[in-house]
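A structural walkthrough
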Amino acid sequence: MRRSVKLSLLALVLLGLVGGSAAWFLAQKTVTITVDGQAREVTTYADTAGEVLADEGLELASHDVVLPAQDAAVDDGDTIVLNRARPLSLTVDGVRSQVYTTALSVDGALDELGYRAENLVLSASRSERLPLDGMDLSIATAKDVTLVADGRQQVVTTTAQTAGELLAEQGITLSPTDRTSLYPAQPLLDAMVLRVTRVQVEDVTEVQPVDYATVETDDPEAYEGDRTVTQEGVEGEQTVTWRVTRTDGVQTGREQVGVAVTTPPVDELVSVGTKEQPVAAASTAVVSADGLNWAALAQCESGGRPNAVSASGTYRGMYQFSRATWAGVGGTGDPAAASVAEQTMRAQMLYARSGAGQWGCGSHLFD
């Protein structure tokens, strides 16, 4: 081959090599990448923002923010901003949620989420940085709660997260039987009403009498209608236990839970006559074999009325017995309630013992 031809071919090869290098050099660009506020320059041949980040080993998560968009073309001198999202387990006034934030600190996250008040109670310092894998953050906001307890109603401004925390904050302790309008673990919200109802349950005892029984025994030697107490009855005692419920000091329940007899009663023993009464000839016309005019005496003393009672109530029956005199001749009960025959019999007994002077009208016996 002639020398001139060889030189021409060499020139062509050199021209191709120089052109390719120039094109490769022209395709290279310098881009600034800012990741979570930290910037650095990189040299790349990538065409899009997503490719640049991938070349730098930066994998994108679903909540990350990239500017410009991943498919946007990049030129020399451009800036790509990547703000990586951090998971935040957020509890606000007891209500838990999962959120994501691109903020780098607790304070930035609060601002991003709209919690800008200064009187928040936080579980972490505002200046604390948020790690890339996230963190738990509790926020207690100030709220006005109406508290009704122990006869007092007041509006309390509190950052307590639950009803139980508010009660503890206010120094209110609960007994096992007390009730609250909100569960102790229930989250507090603004304008809520928390009512404490005091419930007291106690057992009280009460001493009550126990009635005695009356036991009757027939007495064939005593007349019908005669009743003689041979043993006085005595009431016993029993202790009754009540379970009493008081709600805010007012009794709302009372249940009997026990009865115990502490002193048994003593039966009353009564002898009851079964012997037939003497039969009178008539209800008010009293005829006696002793020759005395008992009918005249009765007529003078009481008008002949078996149930007569004096104005003072002292003297009673046909013959105006006092109760003491009646009892003295074996009578029981009220003389005015006894039969005509029994009243006459008792009067005859009194005459036999003490004579006609027992009556103011005693002379009528001899009419």
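First, a word on what this report is: a plain description of the structure on this page. On a predicted model such as this, the values are computed, not experimentally measured, just so you know. (Residues numbered from 1 in each chain as written. Predicted model: local features only at pLDDT ≥ 70, side-chain atom pairs only at ≥ 80, totals over all residues. Heavy atoms only, no water.)

1. Concerning the overall build of the protein chain
Along its length, the protein chain carries 7 helices and 18 strands. Residues classed as buried in the protein chain amount to 34% of the 367 residues present. By sequence separation, contacts in the protein chain at least 24 residues apart represent 51% of the contacts at least 6 residues apart. If you sum the accessible surface of the protein chain, you get close to 21300 Å²; carbon and sulfur atoms cover 52% of it. (Helix = DSSP H or I, 4+ residues; strand = E, 2+ residues; numbered from the N terminus. Buried < 20%, exposed > 50% of the residue type's maximum accessible area, 1.4 Å probe, protein only. Contact = heavy atoms within 4.5 Å. Areas by Shrake-Rupley, 256 points an atom, 1.4 Å probe, with all protein chains shown as cover.)

2. Comments concerning the state of the cysteines
This model, assessed by the stated rule, comprises 1 disulfide. Across the disulfide from cysteine 300 sits cysteine 361; the S-S distance is 2.0 Å. On the S-S bond that ties cysteine 300 to cysteine 361, the torsion sits near -55 degrees, and the link is left-handed. Taken together, the positions of cysteine 300 in helix H5 (residues 294-302) and cysteine 361 in the segment after helix H7 (340-354) put the pair 61 residues apart, joining distant regions of the chain. Owing to a relative accessible area of 13%, cysteine 361 belongs among the buried residues under this scheme. (Disulfide = S-S within 2.5 Å.)

3. Focus: unusual backbone geometry
That bond from leucine 67 to proline 68 is cis: its omega, -5 degrees, falls within 30 degrees of zero. With respect to the helices and strands, proline 68 occurs in the loop between strand S3 (65-67) and strand S4 (79-83). For aspartate 150, which is not glycine, the phi dihedral falls at a positive 55 degrees. Its relative accessible area of 53% is what places aspartate 150 among the exposed residues.

4. Regarding the sheet that holds strand S2 (residues 38-44)
Strand order across the open sheet formed by 4 strands is S2-S1-S4-S3, with mixed pairing between neighbours. Of all the strands in the sheet, the pair left with one neighbour each is S2 and S3. Strand-to-strand twist in this sheet, taken as the mean axis angle between neighbours without regard to direction, amounts to 20 degrees. Across 3 bridges, the pairing between S3 and S4 is antiparallel. Paired with valine 66 across the two strands is leucine 82, which belongs to S4. (Pairing = 2+ DSSP bridges. Axes fitted to C-alpha atoms, helices over the stretch in contact; angles between N-to-C directions.)

5. Some remarks on the sheet that holds strand S17 (residues 250-263)
Taking strand neighbours across the sheet as the criterion, the 3 strands line up as S13-S16-S17 in an open arrangement whose pairing is antiparallel. The open sheet has two edge strands with one neighbour each: strand S13 (199-210) and S17. The sheet shows a mean angle of 20 degrees between the axes of neighbouring strands, direction not considered. Of the pairings in the sheet, the one linking strand S16 (residues 236-247) to S17 comprises 11 bridges and is antiparallel in character.

6. Looking at the environment of valine 257
Tracing the backbone through its elements, the reader meets valine 257 in strand S17. Among all residues touching valine 257, those that are not within four sequence positions of it are Thr241, Trp242 and Arg243.

7. Description of H7
Spanning 15 residues, H7 covers 21 Å between terminal C-alpha atoms, matching the ideal 21 Å at 1.5 Å per step. Among all positions of H7, only Val340, Ala341, Glu342, Gln343, Thr344, Met345, Arg346, Ala347 and Leu350 are buried. As for H7, its buried residues are in contact with strand S14 (214-223), H5 and helix H6 (323-328). Within two residues after H7, glycine 355 carries a phi angle of roughly 85 degrees, on the positive side. (Expected span 1.5 Å × (residues − 1).)

8. A few points about the packing of aromatic side chains
With the rule as written, the count across this model stands at 4 aromatic pairs. For the ring pair tryptophan 294 and tyrosine 319, a centre distance of 5.9 Å and an interplane angle of 90 degrees mean the geometry is edge-to-face. Pair noted here: tryptophan 294 is in helix H5 and tyrosine 319 is in the loop between H5 and H6, with a separation of 25 residues, a long-range link. Judged by relative accessible area, which is 0%, tyrosine 319 ranks as buried. Ring geometry for phenylalanine 321 versus tryptophan 326: centroids 5.1 Å apart, planes at 75 degrees, classification edge-to-face. Aromatic rings pair up to connect Trp294, Tyr319, Tyr351 and Trp359 into one cluster. Over the ring of tryptophan 242 we find arginine 254, and its NZ or CZ is 4.3 Å from the ring centre. (Phe/Tyr/Trp six-rings, centres within 6.5 Å; stacked < 30°, edge-to-face > 60°. Lys NZ or Arg CZ within 6 Å of the ring centre and 35° of its normal.)

Function cannot be read off these values alone, since they describe shape.
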